[in-house]
Amino acid sequence: MFAFIVSRVLQALPVMLTVALLSFAMFAYVGDPVAIMLGQDYTEAQRTQLISDLGLDQPFFVQFFKFVVNAAQGEFGLSYRLSRPVADLIAERAPATLELALCAAALALAIGVPMGVYTGLYRNSWLSRFFLTFSLIGVSLPTFLIGILLILTFSVWLGWLPSFGRGDTIRWGWWSTGLATWSGLKALILPAITLGLFQLTLIMRLVRAEMLEVLRTDYIKFARARGLTNRAVHFGHALKNTLVPVITITGLQLGAIIAFAIVTETVFQWPGMGLLFIQSVGAADIPVMSAYLLLIALMFVTINLIVDLLYYAVDPRLRIGGGKGGH
Amino acid sequence: MRRTLLAAAALLGAGLGLGLGAGEAEAQQNRTVRWSAAGDANTLDPHSQNIGTVAMILQQMYDTLITRNADLSLRPGLATEWRTVEPTRWRFTLRQGVRFHEGESFTADDVVFSINRALAPTSNFGIFVDTVERAEKVDDHTVDIVLKIADPILPNKLASVYMVSRSWHEKHNAVRPQNTRAREEMYTVRNANGTGAFRLVSREGDVRTVMRRNEDWYGWREPDNTNANIQELVFRPIASDATRIAGLLSGEVDFVLDPPLQDLARLRNAPNIRVVEGPEIRTIFIAMDTYRDELLYSDVRGRNPMKDLRVRQALYHAIDIQAINRTTMRGFSVPTGTFFPPQVNGYTAAEDVRLPFDPARARALLAEAGYPQGFGITLDCPNNRYINDEQICQAIAAMWARVGVRTSVRAQPLAPFFAQIQRDDVSVYLLGWGVPALDALYSFQSLVATRNGAQGDGIWNYGRYSNPRMDALIQRMKTETGESRTAAIHEALRIYREDVPHIPLHHQMIPWAMRSNVHVPHAANNQPFFRFARVD
């Protein structure tokens, strides 16, 4: 077990370095932060001074090396755009993104799994057909369009829910939460649906396909032959055995939800890390962009590790056979 | 199973229904204006960033020695009087009894400190004090500003220099504006202490900035401010155009500074929404590389067509500015033949004359210049800086193509665009220019003066246009006063018109959208003064 974790962490290091290098190389194309920081009026001397202050006159690999050394110590410098420490900015924005992503994932699971079970059990009912058609919308409509449509319906026409922002938040230590206030909860609904819809349909279709497969297996037939109730067969035996791939997908998708919250956060002006990233791109704010990309990479690596460990716990074959056979 | 699902759906529906009407209730709250724009101020430091998004927040909280009316004309601010003692020494009499929001008295020491802070190398406000040698305290309420050279437009410039408290900045270790070398955040990035009409209550960058009326502000007693009644200002930036407009339509926002043009028709027809519009002090034009012997981005080899006046005129004649006004800008532009609008000191209608739209003449001029088959060129363009900037470029590319100049448009976001043109890595480009000091010199000096490395001269002249007669006139504008200065400006405008260093297009018009019970007077610099605003 310990050796397993260590080997995984060692594998993660080159991944992180590669991400850092790629993102760093990319910044040559996002524009010149100096031009943006100087504004409309400046002298050549001010410009040269600023370039050397920021260390932008040094060779690429020197800049990269310094960046990696600082990043390893959690030091990302000051944002060019906001003149504030990058670590503070990300710490301020992370709770918003994490709350949104977790709520979206919870929503996707809470609705997607029952819908998948239902469509798996009653393949031909009209409700199943409706769910499947509906899931096509979730898969095919782009996120920003879903967000705008929800805003149009629930904010502009019906006036029920706020169209932007996070409502009132309460601070617990460094964590700010919108879950504890009424306006915060209301503000969460539309973005969470927008962000979770794709995952919801994905989970639904996945559970459905797995259910169909499991229901054909012999042990389900034996269970029925033993005279177990439908409920026990469906949930005690069938659903449980569909869960391994669902755990994998949900875990990996949680990373995707956090990373791709960018679009949802932009549409709803949700003050999370994704919005911070987009605004940083506009201003060529390299310290924030690199820190964000590294953080996302770190998160994917961690989630993958956790998912692997969960497999290890859920599937006894992995422990014995060393990975032979799959689900 | 079916029952569970129904229950879940019912729960969800109930959750949705409970928010009903909260938006309207908030709007009734004690004369609060909830205001939105696409971007937030990057900092609250009063001398760090000279850009519109910062000024629109700061000018609610900070005062200047000389300030502006809603129509941007000058009026006394923290200085009640000013006069020139000698050509290079101006004396300002300060208003008595003014206090900063945190209680400090406003005195001559604060003025000296503020001017010095604006003069600091890390200040972005150098252009407004470029002629200032130093500030001297005469007594507690009198200050002399000593100049390096006579400066006729000093009052215009000082209207942009915020007055700050010396003791407050010293206490918070913020004597100089933010230095990029610093590793730590400065106190002034998120805190403000001015003497202005509103005081800062709370600030969450990119999320929410709350300001409350400063009852002690001296200006409330002035006759044109007695109607102003805003108690609280809540600024919430919303980056997405569609969401910002949705917020206005749903009653969550009272005032939108930058509604997108394509939504205006809809907003006009919406009940309870009013759109006010006016000219902005920003002119959009096309500049050309008239310096290199061969253009970087063209298929003409061995010579630079843009050096030929006839080619510049041909490109000018080829542009149907009325079509751009009508379709691309939906009427929200004022076509012009010069490069700053009438509000700017030095403007004259006599020189604001366009070369007429005349494709036949354009083709003839191109043939005369030796390009009967036209030529190919790349037009560089930002796509998120000015109103419909990329669309303007595309329209122009089509118009130029019709006279034989095959134009490919390279449109980029502002960050890479400005980085590219500032390396002079460009042949023909679209640029917009605002004039915060409201004086012609600001435009001439930055855009058409020969680049010489001195503060401001030719710094935005990426086509490297150079004309000794123009340069001589610009030097006269810097020092002369009265009639002869005006004559110099008019003469320079004539050269600008005849020599076509740019192809001027239009002044931007800026619409503001607000709920119909909110009255904010339109300001041509796109920076609302809420001290003149009221809510019914």
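Residues numbered from 1 in each chain as written. Chains lettered and ligands numbered in written order. Predicted model: local features only at pLDDT ≥ 70, side-chain atom pairs only at ≥ 80, totals over all residues.

Turning our eyes to something else, we now look at the overall build of chain A. Counting its secondary structure elements, chain A contains 14 helices and 2 strands. Classification of the 327 residues of chain A by burial places 40% in the buried group. Once local pairs closer than 6 in sequence are excluded, the contacts in chain A between residues at least 24 apart make up 71%. (Helix = DSSP H or I, 4+ residues; strand = E, 2+ residues; numbered from the N terminus. Buried ≥ 20, exposed ≤ 12 C-beta atoms within 10 Å, placed from the backbone. Contact = placed C-beta atoms within 7 Å.)

In this section: the environment of A:Ser79. Residue and element names in this part refer to chain A. Positionally, Ser79 belongs in the loop between α4 (60-72) and α5 (86-121). Judged by the 27 C-beta atoms lying within 10 Å of it, Ser79 falls in the buried class. Here the alpha-carbon distance between Ser79 and Leu197, two residues 118 residues apart in the chain, equals 33 Å. Setting aside residues up to four positions removed in sequence, Ser79 forms contacts with Arg84, Val86, Leu89, Asp285, Pro287 and Val288.

This part takes up the domain arrangement of chain B. Residues and elements named next belong to chain B. Domain annotation for chain B reports domain 1 (2-272 + 516-535) and domain 2 (280-509). Spacing between the C-alpha centres of domain 1 and domain 2 amounts to 32 Å. Each partner contributes residues to the interface: domain 1 has 16 residues there, and domain 2 has 18 residues. The residue makeup of the side of domain 1 that touches domain 2, split by class, is 9 nonpolar, 5 polar and 2 charged. (Domains from an automatic or database assignment. Nonpolar A, V, L, I, M, F, W, Y, C, P; charged D, E, K, R; others polar.)

Axis separation between helix α7 (residues 143-157) of chain A and helix α7 (residues 241-249) of chain B bottoms out at 10 Å; the angle between their running directions is 5°. As far as their axial angle goes, α7(B) and α7(A) are roughly parallel. Contacts from A:Ile148, A:Ile151, A:Leu152, A:Ser155 and A:Val156 in α7(A) reach B:Ala242, B:Thr243, B:Ala246 and B:Leu249 in α7(B). Across the contact of α7(A) with α7(B), the residue classes tally to 7 nonpolar, 2 polar and no charged. (Axes fitted to C-alpha atoms, helices over the stretch in contact; angles between N-to-C directions. Parallel < 35°, antiparallel > 145°, perpendicular 65-115°, else oblique.)

What follows is about the nonpolar core. Nonpolar side chains in soluble globular proteins generally cluster together in the buried interior. In this structure, A:Leu100, A:Ala104 and B:Tyr429 are the most contacted members of the largest nonpolar core, which totals 226 residues. The residues that make up this core include at least three from each of domain 1 (2-272 + 516-535) and domain 2 (280-509) of chain B. Leave out the neighbours within four places in its chain, and A:Leu100 touches A:Leu188, A:Pro191, A:Ala192, A:Leu195, A:Ala261, A:Trp270 and A:Gly272. (Core = buried A, V, L, I, M, F, W, Y, C linked by C-beta atoms within 7 Å.)

Moving on: the UniProt feature "domain: ABC transmembrane type-1" (unreviewed entry) in chain A. Annotation from UniProt places "domain: ABC transmembrane type-1" (unreviewed entry) at residues 94-311 of chain A. Secondary structure across residues 94-311 of chain A divides into 80% helix and 3% strand, with the first and last C-alpha atoms of the span separated by 28 Å. (UniProt positions renumbered as here; feature names shortened; annotations may be inferred.)

On to the confidence of the model for chain A. All names here are of chain A. Here chain A shows a mean pLDDT of 82. Residues at 70 or above account for 92%. The lowest-confidence element of chain A is helix α14 (residues 316-321), averaging 60 in pLDDT; the highest-confidence one is helix α11 (residues 261-268), averaging 90. Contacts from residues 321-327, a stretch scored under 50 in pLDDT, to residues over four places away or in other chains number 4 contacts. (pLDDT = per-residue confidence, 0-100.)

Residue and element names in this part refer to chain A. As recorded in UniProt, the feature "transmembrane region" (unreviewed entry) lies at residues 12-30, 98-118, 130-160, 180-203, 243-263 and 291-314. Structurally, residues 98-118 comprises 100% helix and 0% strand, and the distance from its first C-alpha atom to its last is 30 Å. What you have in residues 243-263 is 95% helix and 0% strand, and the ends, taken at the C-alpha atoms, are 29 Å apart.

All right, on to unusual backbone geometry then. Of note, the phi angle at A:Ser83 is positive, near 55°, even though the residue is not glycine. In this structure, A:Ser83 sits in the loop between α4 and α5. We note that B:Arg330 has phi near 50°; this positive angle belongs to a residue other than glycine. Position of B:Arg330 relative to the elements: it lies in the loop between α10 (321-328) and β13 (333-335). Residue B:Arg330 is classed as partly exposed on the basis of its 16 C-beta neighbours within 10 Å.

Here we come to the pairing of strand β6 (residues 132-139) of chain B. All names here are of chain B. Relative to strand β7 (residues 142-147), β6 runs antiparallel, the two being bridged by 6 bridges. Within β7, the residue paired with Ala135 across the bridge is Ile145. Where β6 hands over to β7, the hairpin turn is made up of 2 residues, counted between the paired strands. (Pairing = 2+ DSSP bridges.)

Residues and elements named next belong to chain B. Ordered by their spatial adjacency, 4 strands build an open sheet running β4-β5-β7-β6, and the pairing between neighbours is antiparallel. Two strands in the sheet have a free side with no partner beyond their single neighbour: β4 (79-86) and β6. On average, adjacent strands in this sheet sit at an angle of 20° to one another, irrespective of strand direction. Both strand β5 (residues 89-94) and β7 contribute to a ladder of 5 bridges, which runs antiparallel. Residue Phe92 lies in a different strand from β7, and its bridge partner there is Val143. On the sheet, helix α4 (residues 108-119) packs against β5, β6 and β7 and is oriented at approximately 170° with respect to β6.

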